[in-house]
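# Observations on the model geometry
What follows is the residue order along each chain.
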Amino acid sequence: MRMCEDRESVVAETEVTVVHEIAHHFGIDDERLHALGYG
């Protein structure tokens with residue numbers, strides 16, 4: 001939250017983080033996540 005300037009930034013960062021971690025659960029690696037915009 002410290003890196004976010006406002007509520008909308010926190011919401012966006014949270015969405016990216018949740019998708020990122022769920023993708024790892026299903027075996028998607030960081031390289032692919034970065035390519036998809038969830039790095």
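Calculation rules
- Residue positions within a chain follow its written sequence, with the count starting from 1.
- For a predicted model such as this one, the threshold for reporting local features is a pLDDT of at least 70, and the threshold for listing and counting side-chain atom pairs is 80 or more; totals across whole chains, interfaces and linings nevertheless cover every residue.
- To get the side-chain values, all heavy atoms of the structure are used, and hydrogens and water are removed first.
- In this description a helix means any DSSP run of H or I spanning at least four residues, a strand means any run of E spanning at least two, and both kinds are numbered starting from the N terminus.
- The accessible surface values rely on the Shrake-Rupley method and a 1.4 Å probe; as for residues, cover is taken only from the protein chains in view.
- For a helix, the expected span equals 1.5 Å multiplied by the residue count minus one.
- Patch rule: a residue counts if its relative accessible area is over 30% and it has no salt bridge; like charges are joined within 9 Å, and nonpolar side chains (Val, Leu, Ile, Met, Phe, Trp, Tyr) within 5 Å.
- Basic side-chain nitrogens of Lys or Arg form a salt bridge, by our definition, when they fall within 4 Å of a carboxyl oxygen of Asp or Glu.
- Note that His is not counted, nor are the chain ends; the positive residues are Lys and Arg, and the negative ones are Asp and Glu.
- Charge positions are represented by NZ for Lys, CZ for Arg, CG for Asp and CD for Glu.
- Accessibility here uses a 1.4 Å probe with only protein chains present; expressed as a share of the type maximum, an area under 20% marks a residue as buried, one over 50% as exposed, and anything in between as partly exposed.
- Any N or O atom pair separated by 3.5 Å or less is treated as a polar contact, with the protein-specific requirement of one donor-capable and one acceptor-capable atom, and with residues adjacent in sequence counted only for side-chain atom pairs.
- Contact between two residues is taken to exist if any of their heavy atoms lie within 4.5 Å; hydrogens are not considered.

### Observations regarding the overall build of the protein chain
Across its full length, the protein chain carries two helices and zero strands. Expressed as lengths along the three principal axes of its C-alpha atoms, the size of the protein chain is roughly 30 × 15 × 15 Å. Only carbon and sulfur atoms are counted for the fraction: they give 54% of the accessible area of the protein chain, which is about 3500 Å².

### Overview of helix α1 (residues 7-25)
Compared with the 27 Å implied by 1.5 Å per residue over 19 residues, the 27 Å span of α1 between its first and last C-alpha is a close match. Following α1 by one or two positions, G27 adopts a phi angle in the positive range, close to 90 degrees.

### Structural notes on a negative patch on the surface
A cluster of acidic side chains, namely E21, D29, D30 and E31, defines a negative patch on the protein surface. Take D29: it is sitting in the loop between α1 and α2 (30-36). By relative accessible area, D29 is classed as partly exposed at 44%.

### Considering the side chain of H20
Assignment of secondary structure puts H20 in helix α1. Separated by 3.2 Å, the side chains of H20 and D30 make a polar contact. If sequence neighbours within four positions are ignored, H20 has contacts with D30, L33, Y38 and G39.

### Describing a nonpolar patch on the surface
A surface patch of nonpolar side chains, amounting to about 320 Å² of accessible area, comprises V18, I22 and F26. Within the secondary structure, I22 is located in helix α1.

These figures come from the coordinates and say nothing about function on their own.
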